[in-house]
Amino acid sequence: QVQLVESGGGFGQAGGSLRLSCAASGPTFSIYTMAWFRQAPGKEREFVAGISSIGGRTSYSDSVKGRFTISRDNAKNTVYLQMNNLKPEDTAVYYCAADSVVVVPTVPSEYNSWGQGTQVTVSS
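The paragraphs below set out a description of the structure included in this document. (Residues numbered from 1 in each chain as written. Predicted model: local features only at pLDDT ≥ 70, side-chain atom pairs only at ≥ 80, totals over all residues. Heavy atoms only, no water.)

1. Here's the deal with the pattern of salt bridges
One pass over the full model with this rule turns up four salt bridges. Here Asp90 ties to Arg38 by a salt bridge, and the two come within 2.9 Å at their closest N and O atoms. Here Arg38 lies in strand β4 (residues 33-39) and Asp90 lies in the loop between β8 (78-83) and β9 (92-99), a separation of 52 residues in the sequence. By relative accessible area, Asp90 is classed as buried at 0%. Of the residues examined, Arg38 reaches a relative accessible area of 6% and is grouped as buried. Members of the salt-bridge network, linked through shared partners, are Arg38, Glu46, Arg67 and Asp90. (Salt bridge = Lys/Arg side-chain N within 4 Å of Asp/Glu carboxyl O. Helix = DSSP H or I, 4+ residues; strand = E, 2+ residues; numbered from the N terminus. Buried < 20%, exposed > 50% of the residue type's maximum accessible area, 1.4 Å probe, protein only.)

2. A short note on the packing of aromatic side chains
Under the criterion given, the structure shown has five aromatic pairs. Considering the side-chain rings of Phe37 and Trp114, the 5.1 Å spacing of their centres and the 55° angle between planes classify their relative orientation as tilted. Remark: Trp114 occurs in strand β10 (residues 113-114) and Phe37 occurs in strand β4; sequence separation between them is 77 residues. Geometrically, the ring pair formed by Tyr95 and Trp114 is edge-to-face, given 6.4 Å between the ring centres and 80° between the ring planes. A residue pair is termed long-range when its members are at least 10 positions apart, and Tyr95 in strand β9 and Trp114 in strand β10 qualify at 19 residues. Residue Tyr95 is classed as buried on the basis of its relative accessible area of 14%. Taken together, Phe37, Phe47, Tyr95, Tyr111 and Trp114 form an aromatic cluster joined through their ring pairs. Directly above the aromatic system of Trp114 lies the positively charged group of Arg45, at a separation of 4.8 Å from the ring centroid. (Phe/Tyr/Trp six-rings, centres within 6.5 Å; stacked < 30°, edge-to-face > 60°. Lys NZ or Arg CZ within 6 Å of the ring centre and 35° of its normal.)

Following this line, the structure appears as structure tokens:
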């Protein structure tokens, strides 16, 4: 497994931007497909975005497509989530996840490594 630590959460305003980072340590970062999930109070954890280990193919949920961008820097063992045009409904705890697969699963149970989460709060 790989150890994951998120950072960059905080408060934002509707229409504004935030960038989340997830630093990984452990075995070779480049073999891991990385993803961001989020969980709002009283709701299930949901897929936000993912980037594959090979080819860097990206996948997004419909709710963030066109506003959020996931990217990875294998030299820095880090994955990023650039969040633009924030909405109050983006408020949640955001989690970084990793698994050694070549596709981008969208189900939390498919990932075997998780970070501790970082809170994002968007005000209207």
